[in-house]
Amino acid sequence: MEISTLAMYHCLAFAWYFFVACSITHVRAEERPSEVFLYGGQWKYLTVLNLVLQAVFYGVSFLADVLRLIKKLRCAKCIISSRDLLFSVLAFPVSTFVSVSFWTLYTYNRELVYPKSLDGVIPLWLNHAMHTAVLPFAVLEILATPHRYPAKEKGLILLGFVAFLYISWVLWIYSVTGEWVYPLFALFSPAGLAAFFAGSLAVIVSFYNFGEFLNRMIWGDSVVILDYRRKGK
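Each value, and the rule that gives it
- Residues numbered from 1 in each chain as written.
- Predicted model: local features only at pLDDT ≥ 70, side-chain atom pairs only at ≥ 80, totals over all residues.
- Heavy atoms only, no water.
- Axes fitted to C-alpha atoms, helices over the stretch in contact; angles between N-to-C directions.
- Helix = DSSP H or I, 4+ residues; strand = E, 2+ residues; numbered from the N terminus.
- Parallel < 35°, antiparallel > 145°, perpendicular 65-115°, else oblique.
- Left-handed = near helix turned anticlockwise from the far one by under 90°.
- Nonpolar A, V, L, I, M, F, W, Y, C, P; charged D, E, K, R; others polar.
- Contact = heavy atoms within 4.5 Å.
- Buried < 20%, exposed > 50% of the residue type's maximum accessible area, 1.4 Å probe, protein only.
- Arc of directions from axis to C-beta.

Quick look at the packing of helix 1 (residues 3–25) against helix 2 (residues 46–69) now. Close contact between helix 1 and helix 2 brings their axes to 8 Å; oriented N to C, the two are set at 155 degrees. With respect to helix 2, the element helix 1 is oriented roughly antiparallel. Regarding helix 1 and helix 2, the two cross each other, and that crossing is left-handed. Of the residues belonging to the contact of helix 1 with helix 2, the class tally is 18 nonpolar, five polar and two charged.

The description of two packed helices rests on the angle between their axes and on the distance between the axes. At a closest axis distance of 8 Å, the pairing of helix 3 (residues 73–109) and helix 5 (residues 134–144) adopts a crossing angle of 145 degrees. Judged by the sense of rotation from one axis to the other, the crossing of helix 3 with helix 5 is left-handed. Residue-level contacts link Phe 87, Phe 92, Ser 95, Thr 96 and Ser 99 of helix 3 to Val 134, Leu 135, Ala 138, Val 139, Glu 141 and Ile 142 of helix 5. Its residues assigned to classes, the contact of helix 3 with helix 5 shows seven nonpolar, three polar and one charged.

The next thing to look at is helix 5. Buried within helix 5 are the following residues: Val 134, Ala 138, Glu 141, Ile 142 and Ala 144. Down the axis of helix 5, the sector holding all buried residues measures 165 degrees, keeping them to one side.

Structure representation (structure tokens):
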């Protein structure tokens, strides 16, 4: 894809995620069906945090494209390195996990993750923007441009650290409110919940590996290396 076309795509994607993130923050607190929605606002939900993550990623990607267009290649190389790390470790695996896990649990029993009472609070289009559109956006990004993945150990350590931070945030909210962020968690014993978190981590790691596989299958290692050599000139 030409750099100018890529820049336009990344700009539009950034604007879309910024708009969706702003839209969810304008859902009025007094309309929410449970007190747990009040503590921490929307920032307790992985779905909402993912929207911010995607907006940041596409903003960084757009900046990298602009720097390449104006021939600031040394600066572009640094930004591209940050872009690729952000995409490989977080943007792709988290988006995929959010979409797949949400619709799997929603199909099984929606009350576990998205109670019917939310239908009158969050518009249908916004639900799909948060839980459906994120997956094709992530796949399209792999198709649009190659990304350099970090060493496997480094990537998984970073992903695991971020997962640990989010789980800690969820447990902290429970310790303060006495209610779980997601009703699903109330079904588990402490040991069962630990097993669920471990299983979720295993799933998101598999999505990390899947993203790396897709990137290599589409672009190949040599294509990625040559792409970066050109940027470094």
